[in-house]
Amino acid sequence: MIEKLELNHLRMLGALYEKGSVSAAAEVLGLSQQAVSLQLKRVREILGDLLFVRTGQGMAPTAYGQLIQPHVQQLLAMVRALPMPTSIPLESIERSFSISATDHAQRIIVGELLRALRRVAPRVKVKVSNIESASLVRRMQHGEIDMAFTSNGYVPEGLLTTPLFTERYVCVAGRPLTDGSQPLPLESLVAYDFLVVSPGVPGFDGSAGGWFAQQGLQRRVVASVPSFFMAMEYLRRSDMVAFLPSRLLPCDGLFEVPLEKYPPGFQVVAAYHPSVASDSLLGWVLDYVRAQGAAAR
């Protein structure tokens, strides 16, 4: 039966021990006398003892009531000592923090974040892994990943997101495609073979496929890779073209292809599970990367 005791029952007993009367205990607890009497009745049923009896000076604990008094007070002290999520100093936190991110986000966000965390939370160990959208929700639910940095289009349902910044696309190739004085018409661009980057979810569509269709054009995608840095390496060694995030450029061995118009960019977000929204370390990380993103715009 003792497992049926509730925190409110313990608080009521603590107030009775301290004040020695139902009316005074009710005032401390912000309850009516009737509510306190009903709680005492319930605890008597659970523990099988009167716990308190009336005397000329108020309510006095029974022998059993005296026996459990230090245990009740200890439990209440332990509850009061529970730290709030935001009350733990960052320098005192000793844990691991797991980040899942695209290689673009690892380059733009994670490097600076690691340096900042070493300064403000030196006991935190950081584990970085490549983004895996298909298993992201499950791994966050199980506590395997704390935060993900990716584009908004790759965030599965069930996660919370915080926008960080908007990235724009630049068209690049392993050799110059124009003399630099005039932009390349889109009709000429689609004559080249395309390489697309599809992090986390392999595929040949790419983020700009629908945009070309809106222009009345169709491009020919011949290769798909999971990371922007591998795309750069393949582009240097081929005659393919690709759209890359502007913050990864310039890059040795790649040449920008000026165009008349460009596909829309993408929003980089921080994603996390609702169950960790009150995590003080996660809150600090969110504030830091959001400030960094705003400063870089």
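Use the structure listed above.
What you see is a predicted model, and the numbers here were worked out from it, not measured in a lab.

Visitor: How should I be thinking about the overall build of the protein in this particular structure?
Guide: Per the secondary structure count, the protein includes 10 helices and 12 strands. Each principal axis of the C-alpha atoms in the protein carries an extent, and together these give about 105 × 40 × 25 Å. Across the 297 residues in the protein, those meeting the buried criterion constitute 42%. The contacts in the protein between residues at least 6 apart in sequence include a share of 73% that link residues at least 24 apart.

Visitor: What am I meant to see in the packing of aromatic side chains here?
Guide: Centre distance and the angle of the planes are the two values used to describe a pair of aromatic rings. The full count for this structure, using the stated rule, is 8 aromatic pairs. Taking the centre distance of 5.4 Å and the plane angle of 50 degrees together, the rings of Tyr169 and Phe266 count as tilted. Placement of the pair is Tyr169 in strand β7 (residues 169-173) and Phe266 in strand β12 (residues 266-272), with a sequence separation of 97 residues. For the residue pair Tyr169 and Phe266, the accessibility class agrees, reading buried in each case. Put simply, the rings of Tyr169, Phe194, Trp211, Phe212, Phe243 and Phe266 touch in pairs and so form one group of aromatic residues.

Visitor: I would appreciate a short explanation of the sheet that holds strand β3 (residues 96-101) in the present structure.
Guide: Across a sheet, paired strands are connected by hydrogen bonds in the backbone, their directions being either parallel or antiparallel. Spatially, β4-β3-β5-β12-β6 is the arrangement adopted by the 5 strands of the open sheet, whose pairing is mixed. Looking at strand neighbours, the two that pair on one side only are β4 (125-130) and β6 (160-167), the edges of this open sheet. Between one strand axis and the next, the sheet turns through 20 degrees on average, direction left out of account. Sheet topology places β3 next to strand β5 (residues 147-151); 3 bridges connect them, and they run parallel. Considered in β5, the bridge of Ala101 is made with Phe149.

Visitor: What should I look at first to understand the nonpolar core in this one?
Guide: Burial of nonpolar side chains together is a common tendency in soluble globular proteins. Core analysis: the largest hydrophobic core is formed by 44 residues, its most contacted members being Phe149, Leu189, Phe212 and Phe243. Those residues within four positions of Phe212 in sequence are excluded, and the remaining contacts are Leu189, Val190, Phe194, Leu217, Arg219 and Phe243. One finds Ile46, Phe52, Met59 and Ile68 within the second-largest nonpolar core, a separate group that totals 21 residues.

Visitor: Just checking my understanding: could you explain the environment of Ser278 for this structure?
Guide: On the secondary structure map, Ser278 appears in the loop between β12 and α10 (280-295). Judged by its relative accessible area of 47%, Ser278 is partly exposed. Considered as a pair, Ser278 and Gly143 are 135 residues apart in the sequence and their alpha carbons are 14 Å apart.

Visitor: Whenever I open this one, the environment of Arg290 confuses me. Can you help?
Guide: Of note, Arg290 is situated in helix α10. With 94 residues separating them in the primary sequence, Arg290 and Val196 have C-alpha atoms 28 Å apart. In contact with Arg290, not counting residues within four places along its chain, are Thr162, Pro163 and Leu164.

Visitor: Before we go on, may I ask you to explain the pattern of salt bridges in this structure?
Guide: Pairing is possible between side chains of opposite charge, provided their charged atoms come close. Applying the stated rule across the entire model yields 11 salt bridges. Glu144 is paired through a salt bridge with Arg139; the nearest N and O atoms lie 3.1 Å apart. On the basis of relative accessible area, Glu144 is assigned to the partly exposed category, the value being 35%. One salt bridge connects Arg236 with Glu233, and the closest N-O pair in it is separated by 2.9 Å.

Visitor: Can you help me understand the side chain of His104 in this one?
Guide: For His104, the location among the structural elements is in helix α5 (residues 103-120). Here Glu167 takes part through its side chain, which lies 2.9 Å from a polar atom of the side chain of His104. Filtering out sequence-adjacent residues up to four positions away, His104 remains in contact with Phe165, Glu167, Phe228, Pro245, Leu248, Phe266 and Val268.

The rules behind each value
- Residues numbered from 1 in each chain as written.
- Predicted model: local features only at pLDDT ≥ 70, side-chain atom pairs only at ≥ 80, totals over all residues.
- Heavy atoms only, no water.
- Helix = DSSP H or I, 4+ residues; strand = E, 2+ residues; numbered from the N terminus.
- Buried < 20%, exposed > 50% of the residue type's maximum accessible area, 1.4 Å probe, protein only.
- Contact = heavy atoms within 4.5 Å.
- Phe/Tyr/Trp six-rings, centres within 6.5 Å; stacked < 30°, edge-to-face > 60°.
- Pairing = 2+ DSSP bridges.
- Axes fitted to C-alpha atoms, helices over the stretch in contact; angles between N-to-C directions.
- Core = buried A, V, L, I, M, F, W, Y, C linked by side-chain atoms within 4.5 Å.
- Salt bridge = Lys/Arg side-chain N within 4 Å of Asp/Glu carboxyl O.
- Polar contact = N/O pair within 3.5 Å; in protein donor to acceptor, adjacent residues only side chain to side chain.

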